[in-house]
Amino acid sequence: MTLSLLCALVLAAPGADAGAPAPSDTEPVVTGGVELEGLAFPSSGPPGALDGYAVVTPLLGFHLGTRVDAELGPPLRLRLLDAAPAERTTDHWGVLRGADWDSLSDFGALLHTLRVGDDGTPARLRLGSLWGVTLGLGHLVRRFSNGDDPDSHPAGARASLELGALRVEALASDVLAARVFALELAWDAGRTLFSSAELADRFFLAGSVGVDAAKGPVPFGCSSGACASLASSLGATLLQLDLSVVLVRSRSLRLLVEGGGGARVNAAFDSGLAVGLVADVEAGELALSARVELRSVGGGFRPGFFGPLYDLARWSDTGFHEAPRASAVLPSGVGLDGELRVEVGRALSAALAVETFPAGRTDLDASITLELMRSRLSATGRVVAQGLGTAPRTFVQGEARLRFAPSLYGVAGGGTVFLVQPDGSLQRGVFASLGAGLDFAR
């Protein structure tokens with residue numbers, strides 16, 4: 001599950017193991033372990049039926065300080081109970097869930113993460129699962145993840161490079177298939193045009209492009225030939241130009257105005273605008289960020305096109321059997337988008353984003369992460385509601401992890417899940433899991 005993988009990266013890392021040696025910049029640390037879970041997961045057929053699985057996740061990691069970090073280990077879902085409709089005939093060797101390994105992209109699950117560089121280096125690269133990624137101001141890519149489709153397990157890539165006054169950010173949702181790509185080039189105009197250091201990091205001009213190449217895997221159970229026309233309807237290319245100006249910059253407050261315009265590369269060249277205000281406040285361990293924007297939308301373009309649960313929205317923009325996002329047409333008008341983020345040290349991280357559209361549609365994305373008992377207990381939850389007021393779809397997931405001993409922890413999770421059907425519609429189901437993990441560091 002998406003939240004399970006996210007929490008695993010946090011708690012199974014050496015820093016979460018009270019008995020593990022702390023990594024240094026020169027001495028490598030090798031980590032390993034295994035997770036065993038019991039999982040109740042919906043069948044791909046009619047809703048309501050739950051199959052039973054034993055999930056085995058072997059883990060092997062290599063860490064070199066804060067600048068090199070790698071972890072391998074695919075979750076292997078082994079079918080124990082096959083409720084109607086019977087699906088065991090589609091499994092590998094009659095036991096390994098077939099939908100998890102039916103395309104080249106699924107082999108991205110072998111890689112949990114590979115990270116080179118950190119916030120202090122000009123070049124950074126991360127491969128593996130992508131969660132909540134935003135590029136620049138987020139007018140093309142905002143809170144994007146690549147693991148929302150439970151039958152697809154791609155390894156994504158995110159890279160950034162800083163060259164003086166220029167910054168380049170790039171994203172690929174799947175390094176083994178041509179799916180979502182995005183690129184942004186930002187220019188610190190104040191650093192280039194003015195000699196005063198006070199004007200550096202105040203005036204930014206950025207251009208970006210986002211593409212859904214629509215060459216990824218087809219839904220499980222659908223042959224490539226039968227789904228060729230379905231997959232071809234998912235493609236989209238968008239362009240964006242943004243400007244931001246920092247009005248106030250101090251130790252505790254940063255206030256900026258931002259805005260931009262974008263367009264869809266289609267027959268109508270649909271376009272939209274966004275203008276807003278962003279405030280970031282820091283006081284001790286408290287960090288707060290607030291953003292509010294007015295957005296004009298219409299036709300096939302909207303700011304934040306590649307957003308939360310995009311891997312589901314690319315098949316059905318809202319609801320369960322609606323038009324794909326690439327084909328969805330929005331009424332022209334002005335909407336409001338707002339976001340609030342709060343962090344209290346490592347103990348609490350919470351975010352709430354709400355966007356309203358013309359014609360009465362509202363989208364909501366809320367998440368919370370708690371780390372308690374000196375990080376021995378971690379809990380994560382997320383609610384995403386899309387199409388409220390029109391064709392609603394609600395996604396809810398949560399997970400908790402408790403470390404009982406330096407090398408032993410328990411995990412429990414559950415929530416909703418959406419399976420992409422051969423006709424491109426979404427089937428809603430629920431899942432629940434309970435298990436334990438054993439890890440070590442040397």
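Residues numbered from 1 in each chain as written. Predicted model: local features only at pLDDT ≥ 70, side-chain atom pairs only at ≥ 80, totals over all residues. Heavy atoms only, no water.

(A) Looking closely at the pattern of salt bridges. Counting across every chain of the model gives 38 salt bridges. Residue Glu371 is joined to Arg346 by a salt bridge in which the shortest nitrogen-to-oxygen separation is 3.1 Å. Here Glu371, found in strand S17 (residues 362-372), pairs with Arg346, found in the loop between strand S15 (330-344) and strand S16 (348-356); they are 25 residues apart in sequence, far enough to count as distant. A residue is classified by how much of its surface remains accessible, and Glu371, at 13% relative accessible area, is buried. Bridged by salt links that share partners, the residues Arg142, Arg143, Arg291, Glu293, Arg295, Asp337, Glu339, Arg341, Glu355, Asp365 and Arg382 form one connected network. (Salt bridge = Lys/Arg side-chain N within 4 Å of Asp/Glu carboxyl O. Helix = DSSP H or I, 4+ residues; strand = E, 2+ residues; numbered from the N terminus. Buried < 20%, exposed > 50% of the residue type's maximum accessible area, 1.4 Å probe, protein only.)

(B) Focus on the nonpolar core. Core analysis: the largest hydrophobic core is formed by 16 residues, its most contacted members being Val141, Phe144, Leu171, Leu238 and Phe306. Looking at this core, the elements that each hand over two or more residues are strand S9 (180-188) and strand S11 (236-249). With near-sequence residues (within four places) excluded, Leu238 lies in contact with Leu140, Ser208, Val209, Gly210, Ala263, Arg264, Phe301, Arg302, Phe305 and Phe306. In terms of nonpolar packing, the next biggest core, distinct from the first, is built from 11 residues, Leu234, Leu312, Phe395 and Leu426 among them. (Core = buried A, V, L, I, M, F, W, Y, C linked by side-chain atoms within 4.5 Å. Contact = heavy atoms within 4.5 Å.)

(C) Highlighting the side chain of Asp51. Looking at the secondary structure, you find Asp51 in strand S2 (residues 50-64). In this structure Asp51 comes out as buried when scored by relative accessible area, which is 1%. Of note is the side chain of Asp51, whose polar atom sits 2.8 Å from the backbone nitrogen of Ala83. Dropping the residues within four chain positions of it, Asp51 is found in contact with Leu39, Ala40, Phe41, Ser43, Arg79, Leu81, Asp82, Ala83 and Glu87. (Polar contact = N/O pair within 3.5 Å; in protein donor to acceptor, adjacent residues only side chain to side chain.)

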